[in-house]
Amino acid sequence: MVKKGYKQTEVGVIPEDWDIKHLDDFGTIVGGGTPSTSVKEYWEGNIAWCTPSDITSTNGNYISKTERNITLKGIKYSAATMLPPRSILLCTRATIGELKISTIQMATNQGFKNVILNKSGSVEYLYYLLQTKISDMKELAIGSTFLEISKKSLCSILLQSP
């Protein structure tokens, strides 16, 4: 018996006026990339470039600096994407499920699936919600050298949303 005002769903009991969504319903999912390290003009710029090590070595929920920086040319000639502040940086390779909220514009390497939230979304809500889904992410990860979760698999995880 479900308490009045709640409903039973695939993710458990949630308030009646909540929905079940997928990650791409919350915003745009974009990957990262690494500019060629042999091209000097791509490095030592003013764009923060995040790696999983930056995520795991940063305390708290937010990240505002990275060990390395890239240039606009580095962005242009790689798969790296410029992410606006308040994007969720989600590690999807090796350290699956580690995440932070960016406080500045930055890019990430290919070990990430980043979320640029829709205007109406709460980045803090999604940050905490994704932390409850880490075991689901790890279950869906595949790979021989490093475990990795694909964008398709990541977006298959059900998320409760007010």
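Check the entry above for the structure.
About the thresholds
- Residues numbered from 1 in each chain as written.
- Predicted model: local features only at pLDDT ≥ 70, side-chain atom pairs only at ≥ 80, totals over all residues.
- Heavy atoms only, no water.
- Core = buried A, V, L, I, M, F, W, Y, C linked by side-chain atoms within 4.5 Å.
- Buried < 20%, exposed > 50% of the residue type's maximum accessible area, 1.4 Å probe, protein only.
- Helix = DSSP H or I, 4+ residues; strand = E, 2+ residues; numbered from the N terminus.
- Contact = heavy atoms within 4.5 Å.

Draft legend 1. Representation of the nonpolar core within the structure. The biggest cluster of nonpolar side chains holds 22 residues, and the ones touching the most others in it are Leu23, Ile88, Leu126, Leu130, Met137 and Leu159. Of all the elements in the fold, those that place two or more residues in this core are α1 (23-26), β8 (88-91), β9 (99-102), β11 (112-117) and α4 (123-131). Beyond its immediate stretch of four places on either side in the chain, Leu130 contacts Leu23, Ile88, Leu99, Met137 and Leu159. In terms of nonpolar packing, the next biggest core, distinct from the first, is built from ten residues, Ala48, Cys50, Leu89 and Phe112 among them.

Draft legend 2. Structural view of unusual backbone geometry. Not every positive phi belongs to a glycine, and Glu44 is a case in point at roughly 65°. Residue Glu44 is classed as exposed on the basis of its relative accessible area of 67%. If you check the backbone angles, Ala94 has positive phi at about 65° while not being a glycine. You can see Ala94 is positioned in the loop between β8 and β9.

Draft legend 3. Main features of the environment of Gly5. Its place among the elements puts Gly5 in the segment before β1 (6-9). Of the residues examined, Gly5 reaches a relative accessible area of 30% and is grouped as partly exposed. Between the alpha carbons of Gly5 and Pro15 there is a distance of 6.0 Å; along the sequence they are ten residues apart. The residues touching Gly5, leaving out its near neighbours within four places in the chain, are Pro15 and Glu16.

Keep in mind these values describe shape, not function.
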